[in-house]
Amino acid sequence: MTLGRKYQQPSGNAGDARKVYASQSKVGTLSGCSSSISLCDMIEPPDYEEVADRLMGPRDPLAYPPHDMELCTVPRRIRTVTHVLPDEDLIKAPMFVRDCIRTYTSDYTVVEHKHRQHSGSTLGRERLGARLERLATAPRQLYEVDEDQVPESQPSSGRQSVASISSSSSCNETLTPRGSWASLDLRSSSSDPLLPDLFERRPPEQQDAINEARRLENRQADLLGLYSPYLDEEEAVERRLAAEMPSEVAGHRILVHCHQLKLEVDVEPLFASMALYDAKEKKKLSENFYFNLNSECTRQMLSAHVPHADLSTMSRSAVFDIMNPSADVFLVVRVEKVLQGDVNECVEPYIKDDKNREKVRAGAQAACSRLGKYRMPLAWSAVSLLNILSGSDRDERDTGTNTNSLDRKASSSSLEQLRRRAGEVGGSLTRKGSVERRAPPADELAPQLDAMKPVSITVTSFFKQETDKLRDEDLYKFLVEIKRPSSAPKKLKCIPGILKIEVAPCPEEIKNGLTPELAKLQPYGDENVRPTKEVLPFPIHPVAAPHLQYRNLMYVNVRDINLNAYTSRAGSARNITVRVQLMSGEQQASALPAIFGRSSCPEYTSEAFTTVLYHNKNPSLYDEIKIKLPADLGDQHHLLFTFLHISCQRKPVAPEQEKNVETVVGFSWLPLCRNGKLTCGEFNLPVMQEEPPPNYSYIFPDVLLPGTRWIDNHKPIFSVTLDAHTTVHPLDNYIERFAVACEAVQEGNIPTRIGLANMEAELRASISELPTANVEILSRYLPYVLDKLLHLLVAPPSLAGVPLNIAQDVFTCLANVFTDVCNMNEGVTCDPHGRSSLITAYIQYQCTIPRPSLADRDIGLPLPPAVMSDGSCKILHEELALQWVVASGATRDLAMHNSWALFELMIKSMCEYLYWSGAHEAPRKARFPDQFTDDITTLVNNVTTEIISRYGKNSRLTQSLNNSLAFFLFDLLNIADRGYVFNLIRSYHKQMSAKIASLPDAVPLVQYKLAFLRIICSHEHYVALNLPMGSSSGAASPAPSVHSHASHSSAPPPHALTHEHRSRHYLAGLLLHDLTGALELQSPVLQCAAVNALLSLLTAHDADPRLATPEVRARVAQLYMPLLGIVLDAAPMLSRSAGARDVMQFDGEMGQLNSLYNPSANDPDSKQTGRPPYNSETHRNLLMCLVWLLKSCSRAALAQCCAELPPARLPALLHLLHLCFIAHEYKGRKELLKCQQQNVRKTTDIKAKLEDVILGQGSARSDLIMRRKGGSMAVPGRRERWRKDWRGARDAPPSPLAPHPALPAALAAEVSLTLLHALETIVQSCSNLESGQAVCSAALQVVLRAMQRNQSAAVLQHMFATVRSLIVKLGWSCCGEESGICRVLLRHCAALCPATRAHAAAALYALMRHHYQLGNSFSRVKMQVTMSLSSLVGTSTTFSEESLRRALKTILVYAERDPDLQQTSFPEQVKDLVFNLHMILSDTVKMKEFQEDPEMLLDLMHRIARGYQHSPDLRLTWLNNMAQKHMERSNHTEAGMCLVHGAALVAEQMNARGRGAALLEKVTHNALDESCADTLHHHLTHHELQALLEHAASELMTAGMYEAVNEVYKVLIPIAEEHRDYKKLANIHGKLNEAFTRIDQLHGKRVFGTYFRVSFYGALFGDLHGEEFIYKEHALTKLPEIFSRLENFYGQRFGAENVVIIKDSNIVDSSTLPADKAHIQITYVEPYFEPHELRTRTTHSERNYNIKRFMYATPFTVGGRAHGDIAEQCKRKTILTTAHHFPYVKTRIQVVARSQIILTPIEVAIEDIQKKINELFAATSQEPADPKILQMVVQGCIGTTVNQGPLELAQVFLAPVADGSQPPTRLTNKLRLAFKDFSKKCHDALKKNKNLIGSDQREYQRELERNYARFAERLAPLVLPAHSHAAQLRY
């Protein structure tokens, strides 16, 4: 998948991908395309060795180099100064140890390919990054789309912006003369620089040559390097990861410096150690690092016990390797002191303020003197890894301090204080589990560790070490409590003190560093400087990678001792220590000095003592003793444990009374080696009470020896753990058995337990069982195991002089080992091809291939017979090929599953063979014996057959086999006969094609074939292998004549894929042939795969410096010239696939460009075959391949192709160039950034699903990719120590490389220049042909469409030069109305870039000048320019009027300075045109100022449109612009009105049906505004009228104005009937049916616009001051919404503090308002109708359409208050009349008249009662009835809570009449009748409600009836008619 969609085409492509996935067969089929896989089309490859020298001389830059490969010795990379080796004599060591050490110290034999870096198989991310950096240094391309659109003429403040129209742009309907609008003098404007050569007369050929030379300056040679970030690495099947040189695997290394350790009472030496622990996993993560920070005087207290201190033990810095960083990792520090007694008593002076310090010091001095070599635990502390990281963050936040404090004060709640301090650093610990919930995951901690800054940590108190909680299990509990407190935390005492450490990331190089074995790291500096020690990690999951250095360490951990049962006359054993010794014999002198010293002591010692717990008979300890094991470990080596009671005499006594310090309590031992196997693990041993007997070391102590005394009856009372960290003891029975068997048969010392007779069976068994070994251990010893297997394969051992026939056993075992290693941890070490990095590193670097012994005289071919028949050693590659060919059954299957490893091993062996035999100097045909090449042929056929036979059963295997075979042949091309390899490729191709042709659907096989060829073609010498033509071949004249074209007609055209082309250029021919076939298939996946294969190959060509020169690149392009014909054949499909993606809205004048090329005419079968269009990736990549070809090929070759193309295909070629412009358009920096932030690869998932369909779920690459995405490493966070930037490269799939921001711009520019150059070449090559003029016209259209897209300023300059050239060549025809050239040039005249503007102005002037010279007039240009400008300024959002003004000034200057036309009328005509254009421009200046004010903007557009009342074309344009603006704001009704006005204008010009604009009066009364006779524009026809009416009907339908739709169609139907357009009539009546159906469905539910009166007051508004408008808002808009909108808008313009909203509707006296404020009065209004209007406007829609009178009511009282009693409450109705009817072409219309109606209190009452009557009537008459609405209305009328309202009105106005105190009047009678009606309606409503309710509402109904009865009873006397009422009625 390309990422071009991601960065350059953000729209439309996901849909393409979905369509692909949802297609009929998911992946397509091969139906109908069998001809593309025809067997008779097989081409015989050339005999390369025979023809290469003849066709390509040795000096040819493209010739295959003679010495392309070299065998070198690469020194092993080690970290230490010298190799780490054992001290012992290796002669006595076992053979396994010797072989391992040889593996760890030998250098590497590596095959170096001198040009492999140019191969497509190695174009990885690292090289791509360097390539992109190089490309990014090119000159920056400037695009107008990236520039900030700030028009230069925009005023600086909003106030000026609005006030600026006060003098010239009133918004009322009075028109100002146009002359006064041009307020800016054009003559005072400045112009852009003139082009110096515009007036020069040159022949077209000379001008073309100048343009070409300019185009070729500062070009990017590496076109596809710019495109490479958009290519998908996961699809690059040819990518084969080169093996990394083996290096030690490291985690995240931190450097810890220990600065200070002291307690508050500093009276004795302290001994500290630190190590890493994981509280969650309950595992120790590192060995102990011991450090000593005692002062010199305290160190002297131990001088009697420490003879000297080696420098290596004085280290105070350590490097910790954290393999698994997590929030549960702690750095634990333990503190010990000299043994003195009970720890509780010893701690007291440190906790309490002991005044007698001298006594304490004296006691410590005495203890040091007597017990200085014994230790007792004192205290401990812990620092969380989170604390360290958050401390680093604190450093970044607060640079004022660099101390991360974990202070603890000496108090009882010490643990709580630790939690509090930890919370300050690592987060709050106040809730259980809170840290665990907030702790970042491990994958986030890893980068934090690497990026952390140095942080200092101070611990101010320690926990006292409880003697009963010394075990690691107790420590883990404490750590969990610290991290996540439990409900009942343990109370621990604290000891005040200070520990200061500094933690920082470890640098790459450590000066004076020591490994865990104390070997010096390079570079090692001053010998007298304290070293830094590397601390050996104890990873939770040890790394499964081969060992690289010698290491042989053992850690002895004493756990538990139970001497409760010990009895002796000397007393009980209470103060117990264990002395540990490594013995090489049974005498004390045999104790080896192999125990590592701790701190400030000798480097090695022969004994170590555990800590002592005072008066504890069964102590649990934490001691760790580190031992260096001897390399020649034998049965005599053992560990001796001596149990001692230490006498802690507290009181001073006489010397003769002093007891012995040590009393031996017992002994135990543990043999370290039995039968060559190292003893490891946990042991529970008995303790012997007396000294062990002789020869005790050869048996284990659990054997009860007779005559010996044991403590507690030989029970196991001593627990100890032996943990080995060694690289010479595999600790695996199967590997050890294999090693012993190999040593026995190779060195002849057969163990007696096996015997000679059984030795062969033992060897075979050990070989067959070797794969059952633990695979992780096997991987650590992989080089030894594989070396040994290869040695057994080629040099089988002999027993009794008879060679053993074990080749098949070894071959099977080898394949099994490969399988196990590849499958280890779900294949996490494998690349996308399934190649394990461990095996590839072994093959490339570590393997030692046995070879026959040759004397110097033997070297050379043929090899002497003695060598070939030497049975001591066979040749590995021959033996592998032989065993593979003869293998069968399970062995054959294993070999096939591991084909890649066997092939790569064979290649490595063949390369070494060439050099040790001297065959590299021989001709390639003679390098290998025929028998071997026959085996290879057989093997290739077998593998191909396997692929074909199993492709549907095991897709993972077949895919791996296919790729492995391809890489094998790829490698063979470097060392074998290339013609022979070509035949192997042909054999594969033939077998695959035969199978594909026999199957109805063989998509996977076709994809395999494409992948195979893609791998082969990625060879670094691919070009040389194709035998490219010489530089003189294929030359043609730039513009061949017609005669020359005819003379060449018999020869095949150069763009045809002929038999000769495929035969000579074999690999390129295969690729292009397969591409042709794939493009004809119906499978989008295969199409994409074939195109991507070609594109990856061309990308490698661009990256190859050997092909950098244009001459060489042109020769390479000759290989691909048939691609031009292939893409031409695919042009119809490309056009179809481009249709959906070409979303750019082009101008109407450019619409005719579609007639340039009709794809359906060239592909009549495209619709019938049902072939889907190419997906976006295929489309884009195929066109990019074409662009590369056009850029790389020579001009002569392209000209020859064009001249030989049939005339009918030339438009297709130009159309392809147009598609290329579309596909590779630059979208702008903002769009790129938006796509990058989304980071969505839209078709990856789709393609993954498609691949699953093709390859099944078991595809190797897909499995690996999915594992890498979802799985995790067995050792998360591991990294390669030597290359830090490589870390994790194999742990995650490669992420798409985000391109440099300048690269997409450079890519688009380079593509455009390439296409422009090709376009010029096509025009020039066809200039002498009959179709030359048509080609020239079509080329101009292509350029114009390209110029409408985003182009860089540099590219536009060249495009303008081409346009000027084409104008000259075309003459009159270049300015036809359909071309749109004027509009394109004007658009660029308004560009912000001065250079673009200057060239556009020059081109426009050249157009005028040329047309004037042709006919003394350029009236067509005038008309086109005027129309284009009017259209542009109304719609373009990037239009800059200041830029256009400068361009007009430039044109004016050209006209004034044109020497050739000064004596003509041309300059004056240009001046008139320019001034006319400037006046149009000035009209639109104000529009730019009000872009953010839609109402003002539309007012201005409307006024400008009215200014063109006598220019129908321009008025139509502006009405259309207004419609577009309304559509953008979803004002569909107003957009429809604009279109109706346009239709009325057209009808008026046509005098349609004798009525003109009056035809549309029923649609809108405003249509009569267009009644303006103008007989000058008879070009408007019924087509325009129909189009406008249809569009208007569509907009009105969207707006819900269905009645208006009917009126529009009433006008349209007669027109359609007149022209017998029955299809249109059917469509119209269908639309009418839909409209009427919607009216019926929505009856009573429709809502229309909401209206508000808005008045403006204040000088800030300029001419708007005092103006009053009716605003039409969307339906259901509330008053607060329009308040907020206007307040926010004008607040931003004038400042929020300057805008005041008047919320009442009273009359405003503007003289009383502050002059510096902007006041806005907003009032809700309703449409107002007279009674007679209501009788005709019966529907809701009629009362909301064609309305111009609005009313709002204001309550008042005579006394001046707004509200009063009912008897005095009056109402003022204000009626406003607008200038036009709503809906109109604008959303606000000015108020032109107002009137008022005053209602008396009784009239207000009548109005209220009538309103309630209407509500009751509506609710009662509704069908179907709505009970809820009915009950709500009734409740509102007669409910108990509201019935006082109507009754109150009756009491106030009718009671005086009823009691005779007031005579009746007309109004009282009207109110009385209204109440009677009201009572009747209430009764009817109750009656209807009774029929609607259910049983649950009967009580509610009765309550309503009671309320009504009371209401009617009280109302009855008030509504009775008065006596002689008629006589008393007064008027």
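Definitions and limits used
- Residues numbered from 1 in each chain as written.
- Predicted model: local features only at pLDDT ≥ 70, side-chain atom pairs only at ≥ 80, totals over all residues.
- Heavy atoms only, no water.
- Helix = DSSP H or I, 4+ residues; strand = E, 2+ residues; numbered from the N terminus.
- Buried < 20%, exposed > 50% of the residue type's maximum accessible area, 1.4 Å probe, protein only.
- Contact = heavy atoms within 4.5 Å.
- Salt bridge = Lys/Arg side-chain N within 4 Å of Asp/Glu carboxyl O.
- Expected span 1.5 Å × (residues − 1).
- Pairing = 2+ DSSP bridges.
- pLDDT = per-residue confidence, 0-100.
- Core = buried A, V, L, I, M, F, W, Y, C linked by side-chain atoms within 4.5 Å.
- Phe/Tyr/Trp six-rings, centres within 6.5 Å; stacked < 30°, edge-to-face > 60°.
- Lys NZ or Arg CZ within 6 Å of the ring centre and 35° of its normal.
- Axes fitted to C-alpha atoms, helices over the stretch in contact; angles between N-to-C directions.
- Parallel < 35°, antiparallel > 145°, perpendicular 65-115°, else oblique.
- Nonpolar A, V, L, I, M, F, W, Y, C, P; charged D, E, K, R; others polar.

Turning to the overall build of the protein, a few remarks are in order. Summing up its helical and strand segments, the protein has 69 helices and 37 strands in all. A buried classification covers 58% of the 1931 residues belonging to the protein. Long-range contacts, defined as pairs at least 24 residues apart, comprise 79% of the intrachain contacts of the protein with a sequence gap of at least 6.

To continue, consider the pattern of salt bridges. Inspection of the entire model under this criterion finds 85 salt bridges. In this structure, E1768 engages R1761 in a salt bridge whose closest nitrogen and oxygen atoms are separated by 3.0 Å. Looking at R1761, the relative accessible area reads 49%, which means it is partly exposed. Where salt bridges share partners, they join R79, E248, R253 and E534 into one cluster.

Here we come to helix α49 (residues 1353-1370). For α49, with 18 residues, the first-to-last C-alpha span of 25 Å sits near the 26 Å given by 1.5 Å per residue. Most of α49 sits inside the fold, with 14 of its 18 residues counted as buried. Of the residues one or two after α49, G1371 is the one with positive phi, at around 75°.

Before going further, it helps to examine the pairing of strand β10 (residues 375-384). In terms of residue burial, β10 counts as a mostly covered element, since ten of its ten residues are buried. As paired strands, strand β9 (residues 329-338) and β10 are joined by nine bridges and run antiparallel to one another. What sits directly across from F330, in β10, is S384. Sheet analysis places β10 next to strand β12 (residues 455-464), joined by two bridges and oriented antiparallel. Residue pairing for β12: A379 is matched across the bridge by K464.

Before going further, it helps to examine the sheet that holds strand β22 (residues 638-646). Read from one edge to the other, the open sheet built from four strands follows the order β20-β17-β22-β23, with strand pairing classed as antiparallel. Each edge of the open sheet is held by one strand with a lone partner, namely β20 (608-609) and β23 (662-671). Two strands pair when backbone bridges link them, and strand β17 (residues 576-583) and β22 are joined in this way by eight bridges, in the antiparallel orientation. Among the inter-strand pairings, Q581 is bridged to a residue of β22, identified as L640.

Per-residue confidence for the protein averages 82 on the pLDDT scale, and 82% of its residues sit at or above 70. Between residues 1032-1050, whose pLDDT stays under 50, and residues either more than four places distant or in other chains, the model counts 18 contacts. Long-range and interchain partners of residues 1239-1297, a stretch whose pLDDT sits below 50, account for 155 contacts in this model, where long-range means more than four residues apart.

One finds L969, L972 and Y1120 to be the most contacted residues of the largest nonpolar core, which totals 375 residues. Core analysis: the second largest hydrophobic core is formed by 64 residues, A327, L386, L445 and I540 among them.

Let's shift gears to helix α48 (residues 1332-1347). The end-to-end C-alpha distance of α48 is 22 Å, a good match for the 22 Å that 16 residues give at a rise of 1.5 Å each. For α48, a buried count of 13 out of 16 residues is recorded, marking the element as mostly surrounded by other parts of the structure.

Another point: the packing of aromatic side chains. One pass over the structure, following the stated rule, counts 43 aromatic pairs. Here the aromatic rings of Y277 and Y476 are separated by 6.1 Å at their centres, their planes lie at 65°, and the arrangement is edge-to-face. Separated by 199 residues along the polypeptide, Y277 in strand β5 (residues 270-278) and Y476 in helix α16 (residues 472-483) bring together distant segments of the chain. Between Y1690 and F1694, the aromatic rings sit 5.9 Å apart at their centres with planes inclined by 15°, giving stacked as the arrangement. Here the residue Y1690 and the residue F1694 both occupy positions in helix α61 (residues 1679-1694), the gap between them amounting to four residues, near one helical turn. For Y1690, a relative accessible area of 2% gives the class buried. Here F1694 falls in the buried class, since its relative accessible area comes to 10%. Members of the aromatic cluster, each reached through a chain of ring pairs, are F1656, F1661, F1669, F1689, Y1690 and F1694. Stacked on the ring of F596, the Lys or Arg K626 has its end atom at 4.6 Å from the ring centre.

This next bit is on unusual backbone geometry. Omega for the peptide link from Q522 to P523 comes to 0°, which places this bond in the cis form. Among the structural elements, P523 can be located in the loop between β14 (513-514) and β15 (532-534). Of note, the amide linkage connecting E1823 to P1824 takes the cis form, showing an omega dihedral of -5°. Inspection of the secondary structure puts P1824 in the loop between α63 (1801-1821) and α64 (1827-1838). Positive phi, close to 55°, is recorded for N512, a residue that is not glycine. Within the secondary structure, N512 is located in the loop between β13 (494-505) and β14. For N512, a relative accessible area of 6% corresponds to the buried category. The phi dihedral of N695 falls on the positive side, at around 60°, and the residue is not glycine. Tracing the chain through its elements places N695 in the loop between β26 (681-685) and β27 (718-726).

This paragraph deals with the environment of C1382. In this structure, C1382 sits in helix α50 (residues 1381-1389). It is 6.1 Å that separates the C-alpha atoms of C1382 and Q1424, two residues lying 42 residues apart in sequence.

Quick look at the packing of helix α4 (residues 95-105) against helix α17 (residues 733-747) now. For the pair α4 and α17, interaxial distance at closest approach is 9 Å and the crossing angle is 100°. Relative to α17, α4 is oriented roughly perpendicular. Seen from α4, the contacting residues are M95, F96 and R98; seen from α17, they are I735, A739, C742, E743, Q746 and E747. Taken together, the residues that form the contact of α4 with α17 break down as five nonpolar, one polar and three charged.

Here we come to the environment of V267. One can find V267 in the loop between β4 (252-263) and β5. Expressed as a C-alpha distance, the spacing of V267 and A364, which sit 97 residues apart in the sequence, is 7.0 Å. The residues contacting V267, other than those within four sequence positions of it, are M301, Y350, V360, R361 and A364.

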